[in-house]
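Report on the structure
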Amino acid sequence: MPAKELVSLTDTADLYAIATGLIERSAAAYASGVPGGIGDDGFFGPASVTWRKSADLASPVAGLRSLLMQALHPLAMAGVDQYSGWRRDPVGRLAATTAYLTTVTFGDRAAARQAAARVRRIHDHVRGTDAVTGRPYAAGDPALLLWVHGALVDSVLAAGSMVGTALSAADGNRYVAEMVTAAELTGVPRHLAPSNIPELDLYLASVRPILRCTPAAAESMAYLLDPPGMDDDTAEIWQDVRDAALAVLPRWARQMYGYGAPPPLTPGRQTEIRQSLGVLDAMFLGQPGVLEARQRITLGMRGGRRT
């Protein structure tokens, strides 16, 4: 469903209010998630690949791709559709996700555990029946949590390789291994989470038979791909983010959504997208608290290298 058809969900003024503040609210969530005090190095630490990947300009592309992947699981999408209230405040939901991921990545272990415990408590109440498949679901089901985790990790690797900073094979495997801890925090038994790229690929392939594009998935992703209310400059940047996300989305996933093949990412097009991602990052960096948070991360990474 094109974004312009979503006016049936609420009035036009509300849609514009929802779309505005995407950068501002995400930046505020990010700044609040990076610790300012003295604590332990958390579950990853400044020498980790996880910290390094967080600075990749391709992060918005990875985030959008991961949402496109995650929404194709009908039970995961049913929980989002029936409980999250994304129609009322999609930007708020994205900002909350940013805050959680930032805290788990950079916060000390106590803060990361507290953030994960809050999410697990919310998941305890998210359960119901998917109207499309007729199957029951529970957000705390390790199988659903693992799909969300796997789609995100795979998207970080795919987006970085195409329009960001690619990892070596060794660092890619190390990143997947580090992310096992993130999966465990959400409630996935550690032994179920892929610990290297081949295991991740096998896992994603194993889930494909149950994936489908439900009406809720089509509607929510249409909104994210073409959100209303953006000014012309931001809309132009978002088009590059969207094009990149669709280009690195697996062909089978594009086919499920019914999306046509995107233009090829030629070297020239990759350069254009990277430039747009740089502009977007500069806009993000200009928000209150973000520069200071980045400086704290940079100092931590320098200290980690020295150690």
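Bear in mind the structure is a predicted one, so any value in this text is a computation, not a measurement. (Residues numbered from 1 in each chain as written. Predicted model: local features only at pLDDT ≥ 70, side-chain atom pairs only at ≥ 80, totals over all residues. Heavy atoms only, no water.)

**Quick look at the packing of helix 8 (residues 142-163) against helix 9 (residues 169-186)**
Selection criterion: With axes taken as lines fitted to C-alpha atoms, and helix axes fitted only over the stretch in contact, angles between N-to-C directions fall between 0 and 180 degrees. Starting at the N terminus, helices and strands are each numbered in turn, a helix being any DSSP run of H or I of at least four residues and a strand any DSSP run of E of at least two. With respect to orientation, any angle under 35 degrees is reported as roughly parallel, any angle over 145 as roughly antiparallel, any angle of 65 to 115 as roughly perpendicular, and every other angle as oblique. In this scheme the crossing of two helices becomes right-handed for a clockwise turn of the near helix relative to the far one and left-handed for an anticlockwise turn of less than a right angle. Pairs of residues are marked as contacts when any of their non-hydrogen atoms sit within 4.5 Å. In this classification, the charged set is Asp, Glu, Lys and Arg, the nonpolar set is Ala, Val, Leu, Ile, Met, Phe, Trp, Tyr, Cys and Pro, and all remaining amino acids, among them Gly, are polar.
The contact between helix 8 and helix 9 brings their axes to 10 Å, and the two run at 150 degrees. Our classification of the angle between helix 8 and helix 9 gives roughly antiparallel. Considering how the two elements wind past one another, helix 8 and helix 9 form a crossing that is right-handed. Taking contact as the criterion, the partners of Leu145, His149, Val153, Val156 and Leu157 in helix 8 are, on helix 9, Gly172, Tyr175, Val176, Met179, Ala183 and Thr186. Class assignment for the residues of the contact of helix 8 with helix 9 results in eight nonpolar, three polar and no charged.

**Thoughts on empty space enclosed by the protein**
Stated precisely, the cut-off is as follows: The definitions used throughout rest on a 1 Å grid laid over the protein atoms alone, on which a cavity is an enclosed set of points accommodating a 1.4 Å probe that cannot get out and a pocket is an open set flanked by protein within 12 Å on both sides along at least five of seven lines; lining residues are those having an atom within 4 Å of a point. Grid points are joined across faces, edges and corners, and a volume is the space filled by probe spheres set on the points.
By the definition in use, this model includes three cavities of 30 Å³ or more. Leu22, Leu94, Tyr223, Leu224 and Pro227 are, among the 10 residues lining the largest cavity, the residues nearest its centre. Counting residues per element, the lining of the largest cavity draws most heavily on helix 6 (residues 90-106), at three residues. Tallied by class, residues from the lining of the largest cavity come to 10 nonpolar, no polar and no charged.

**Quick look at the environment of alanine 177**
Position of alanine 177 relative to the elements: it lies in helix 9. Separated by 20 residues in sequence, alanine 177 and isoleucine 197 have C-alpha atoms that sit 8.8 Å apart.

**Considering the environment of valine 126**
So the rule is basically this: Three exposure classes are used, based on accessible area relative to the maximum for each residue type with a 1.4 Å probe and protein chains only: buried under 20%, partly exposed in between, and exposed over 50%.
Topologically, valine 126 is positioned in the loop between helix 7 (109-124) and strand 1 (127-129). Look at valine 126 and you get buried, because its relative accessible area is 11%. Spatially, the C-alpha atoms of valine 126 and tyrosine 83 are 6.7 Å apart, while their sequence positions differ by 43 residues.

**Details of the packing of aromatic side chains**
Quick note on the threshold: When two rings of Phe, Tyr or Trp (its six-membered ring) have centres within 6.5 Å they constitute a pair, described as stacked for plane angles under 30 degrees, edge-to-face for angles over 60, and tilted for the intermediate range.
On inspection of all chains with the given rule, the structure shows four aromatic pairs. Summarising the aromatic geometry, the rings of tryptophan 147 and tyrosine 203 are spaced 6.5 Å apart at their centres and angled 50 degrees between planes, so their arrangement reads as tilted. Taken together, the residues span a long stretch of sequence, with tryptophan 147 in helix 8 and tyrosine 203 in helix 10 (residues 197-207) at a distance of 56 residues. Comparing tryptophan 147 with tyrosine 203, the two get one shared label, buried.

**Let's talk about the pattern of salt bridges**
As a reminder of what qualifies: We define a salt bridge as a side-chain nitrogen of Lys or Arg found within 4 Å of a carboxyl oxygen belonging to Asp or Glu.
Under the definition given, this model contains nine salt bridges. Two residues, aspartate 171 and arginine 52, come together in a salt bridge whose shortest N-O distance is 3.0 Å. One end of the pair, aspartate 171, is in helix 9; the other, arginine 52, is in helix 3 (residues 49-53), and 119 residues separate them in sequence. We classify arginine 52 as partly exposed; its relative accessible area is 37%. The partner of arginine 65 in a salt bridge is aspartate 154, with the nearest N and O atoms 3.0 Å apart. Here the residue arginine 65 occupies a position in helix 4 (residues 59-70), and aspartate 154 occupies one in helix 8, the gap between them amounting to 89 residues. Taken together, the salt bridges that share partners define one network made up of Asp240, Asp243, Arg269 and Glu272.

**Observations concerning helix 10**
The test is simple: In this description, one arc is meant: the one made by directions from the helix axis to the C-beta atoms.
Among the residues of helix 10, Leu200, Tyr203, Leu204 and Val207 are the ones counted as buried. Burial along helix 10 is one-sided: seen end-on, the buried residues are contained in an arc of 95 degrees. Exposed positions of helix 10 whose direction lies more than 90 degrees from the buried face are Leu202 and Ser206. Each element contacted by the buried residues of helix 10 is listed here: helix 8 and helix 9.

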